[in-house]
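The chain contents come next:
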Amino acid sequence: MGTVYGEIDARRSSLFKAWRACFDGGSASAFPVAAGKAGRFSNPAAYLADECASDVLAWLAGAGGEADIPASVADWCRLRAVQETDQAHALRPLLDLKQVVRDAVGAAAGDGELALVDERIDALGRYASDRYAESREKLNQIRLDEMQRGEGLMNRRLARDRARREGDAV
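What comes next is a walk through the structure. (Residues numbered from 1 in each chain as written. Predicted model: local features only at pLDDT ≥ 70, side-chain atom pairs only at ≥ 80, totals over all residues. Heavy atoms only, no water.)

Here we look at the environment of Val-4
1) Next: In this structure, Val-4 sits in helix α1 (residues 3–10).
2) Next: For Val-4, a relative accessible area of 1% puts it in the buried group. (Helix = DSSP H or I, 4+ residues; strand = E, 2+ residues; numbered from the N terminus. Buried < 20%, exposed > 50% of the residue type's maximum accessible area, 1.4 Å probe, protein only.)

Some details on helix α6 (residues 92–105)
1) Next: A rise of 1.5 Å per residue sets the reference length of α6, with its 14 residues, at 20 Å; its end C-alpha atoms lie 20 Å apart and thus fit the reference within 8%.
2) Next: Along its length, α6 reaches its greatest deviation from straightness, about 25 degrees, at Lys-98.
3) Next: When α6 is considered as a whole, its buried residues turn out to be Pro-93, Leu-94, Asp-96, Leu-97, Val-100, Val-101 and Val-105. (Expected span 1.5 Å × (residues − 1). Bend = angle between axes of the 7 residues up to and from the residue.)

A word on helix α4 (residues 71–82)
1) Next: Here α4 contains 12 residues, and its C-alpha end-to-end distance of 17 Å stays within 8% of the 16 Å for a straight helix at 1.5 Å per residue.
2) Next: For α4, every residue scored as buried is listed here: Ser-72, Val-73, Ala-74, Trp-76, Cys-77, Leu-79, Arg-80 and Ala-81.
3) Next: Trailing α4 by a residue or two, Glu-84 shows a phi angle of about 60 degrees, which is positive.

So, the nonpolar core
1) Next: Residues Ile-8, Trp-19, Leu-97 and Val-101 are the most contacted members of the largest nonpolar core, which totals 35 residues.
2) Next: Looking at this core, the elements that each hand over two or more residues are α1, α2 (12–23), α3 (44–61), α4, α6 and α7 (111–169). (Core = buried A, V, L, I, M, F, W, Y, C linked by side-chain atoms within 4.5 Å.)

What to know about the packing of aromatic side chains
1) Next: Applying the stated criterion across every chain, the model contains 2 aromatic pairs.
2) Next: Centre to centre, the rings of Trp-19 and Phe-23 are 5.0 Å apart; their planes meet at 70 degrees, and the pair counts as edge-to-face. Note that Trp-19 and Phe-23 are positioned in helix α2 at a spacing of 4 residues, about one turn of the helix. Pair check on accessibility: Trp-19 and Phe-23 agree, each one buried.
3) Next: Relative to Trp-76, the ring of Phe-23 lies with its centre 4.8 Å away and its plane at 75 degrees, an arrangement referred to as edge-to-face. Separated by 53 residues along the polypeptide, Phe-23 in helix α2 and Trp-76 in helix α4 bring together distant segments of the chain.
4) Next: Phe-23 sits in the buried class, given a relative accessible area of 2%.
5) Next: Every member of this aromatic cluster is reached through a ring pair, and the members are Trp-19, Phe-23 and Trp-76.
6) Next: Between Arg-120 and the ring centre of Trp-59, over which it is positioned, the NZ or CZ distance is 4.5 Å. (Phe/Tyr/Trp six-rings, centres within 6.5 Å; stacked < 30°, edge-to-face > 60°. Lys NZ or Arg CZ within 6 Å of the ring centre and 35° of its normal.)

This is the structure we're talking about:
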């Protein structure tokens with residue numbers, strides 16, 4: 001591992017604070033992360049943002065590859081998909097990570113090392129984009145199934161009511 005990974009690990013606390021602020025971007029009504037303590041059940045959005053940021057920084061500081069991307073990234077993407085946040089806005093914090101890392105360790109790292117970090121962050125972005133798209137697709141499929149069940153129920157009721165009317169007419 002190069003010196004940039006050591007710098008990321010050494011500055012993980014300050015990187016967390018700087019990058020975690022990116023998760024809070026946007027209007028508070030659209031995504032109320034900042035309000036209250038980040039408890040798993042008391043404020044699950046803030047909890048997932050904290051967990052994702054912490055896990056990703058640990059992954060970025062380590063030697064893990066694309067196969068080792070933390071599961072909390074998928075959880076974050078699923079949350080943002082359920083909140084019906086558009087993909088660009090939902091994944092914006094992951095894109096902001098490049099700049100946060102460059103601001104924190106840019107002077108201590110060479111361009112080649114930063115390029116490798118950028119490649120890992122790009123892989124993280126691709127992974128997150130795929131997880132977000134999968135979550136949206138699953139959510140849309142659930143809604144479609146619900147509509148189809150409702151339509152089937154409505155058709156059965158209409159048929160029953162029609163049979164009753166026809167039975168009364170005879």
